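These are the residues of each chain, in order.
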Amino acid sequence: MNAKSARLRRLPVIGAVAAGAVLLLAGPASAHVSVQPGTAEKGGYSTIAFKVPNEKDNASTVKLEVTLDPKHPLASVMPQPVPGWEVKVEKAKLDKPLQMHGKTIDEAVSKITWTGGKIDPGQFQQFPLSVGQLPTDADELVFKALQTYSDDDVVRWIDPSKPGGAEAEHPAPTLKLVAKGAAAGTGDDHDDKTNGKGADGKTESASGTSDDKDGGSDTTARVLGVVGIVVGAAGVAFGLIAGRRRSAA
């Protein structure tokens, strides 16, 4: 076998390895439970959603528990109904009452739990909330999320961010708070008027995608995966053709 024939025989293997490598890199993208959009204005109201992807191939997500930041209680938290899911809202007494529209608020939502539905493998679900009034003395709100699967496995998305910007293994969903007028996500002029609607007045889809960096990562992952498959298939086809030519010769 000459050197040229050997190189031709190796092409299918190279193509398959390239395809596998691309798919391996694309797989973990955007697999974390996260807050969408990732930013909101300080002192305002915002409609946010917890984006929950299913990371398993053999089990469905059947429960989501979200604990709100106890250091920065919110006077108003309203969940948007998600078809097929039941929602339970728990409240806790505040050590320091809040003032909202001239009223004294002595308790606030501390935990929200969604059950009854399921997120199948290869799918994700969004769980929207209308929240406010966002604090003015903080740069972020950190939530703790527990994702329960049908095989009773519980993934705890509660790890704080690491120094130096390194990502934790199971990072807690975090909403960045920015100054008014700075680039931020979808906000609401008034919490009580939105009833779970977005800034455009239209009801948000509970399972829809969002035009954020995580959504972009999802798209990139899919594109890379397709490219990898095409490369691998092309390598196999080229090798077959080369083999037939050698046989004919």
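Before reading further, recall that the structure is shown in the block above.
Parameters at a glance
- Residues numbered from 1 in each chain as written.
- Predicted model: local features only at pLDDT ≥ 70, side-chain atom pairs only at ≥ 80, totals over all residues.
- Heavy atoms only, no water.
- Phe/Tyr/Trp six-rings, centres within 6.5 Å; stacked < 30°, edge-to-face > 60°.
- Helix = DSSP H or I, 4+ residues; strand = E, 2+ residues; numbered from the N terminus.
- Buried < 20%, exposed > 50% of the residue type's maximum accessible area, 1.4 Å probe, protein only.
- Lys NZ or Arg CZ within 6 Å of the ring centre and 35° of its normal.
- Core = buried A, V, L, I, M, F, W, Y, C linked by side-chain atoms within 4.5 Å.
- Contact = heavy atoms within 4.5 Å.

**Q** Before we go on, may I ask you to explain the packing of aromatic side chains in this structure?
**A** Centre distance and the angle of the planes are the two values used to describe a pair of aromatic rings. In the structure shown here, the tally under the stated rule is 3 aromatic pairs. For the ring pair Phe50 and Phe143, a centre distance of 5.1 Å and an interplane angle of 85° mean the geometry is edge-to-face. Residue Phe50 is located in strand β3 (residues 45-53), and its partner Phe143 is located in the loop between β9 (140-142) and β10 (144-149); the two are separated by 93 residues in the primary sequence. The class of Phe50 is buried, set by a relative accessible area of 0%. Owing to a relative accessible area of 3%, Phe143 belongs among the buried residues under this scheme. Ring geometry for Trp114 and Phe127: centres 5.1 Å apart, planes at 45°, overall tilted. Of the two residues, Trp114 sits in strand β7 (residues 103-119) while Phe127 sits in strand β8 (residues 124-132), which places them 13 residues apart along the sequence. The pair Trp114 / Phe127 is uniform in exposure class, with both members buried. Taken together, the ring pairs connect Trp85, Trp114 and Phe127 into an aromatic cluster. Sitting above the plane of the Phe124 ring, Lys51 keeps its charged end 5.0 Å from the centroid. The positively charged end of Lys56 is found above the aromatic ring belonging to Tyr149, 5.0 Å away from the centroid.

**Q** I'm lost on the nonpolar core in this one. Help?
**A** For soluble globular proteins, nonpolar side chains are generally found buried alongside one another. Ranked by internal contacts, the top residues of the largest apolar core, which has 31 residues, are Trp114 and Phe143. Here this core gets 4 residues from one element, more than from any other, and that element is β7. Apart from residues lying up to four places away in sequence, Phe143 is in contact with Val35, Ile48, Phe50, Val66, Thr67, Leu68, Trp157, Ala172, Pro173 and Leu175.

Function-wise, these values are silent; they only describe arrangement.
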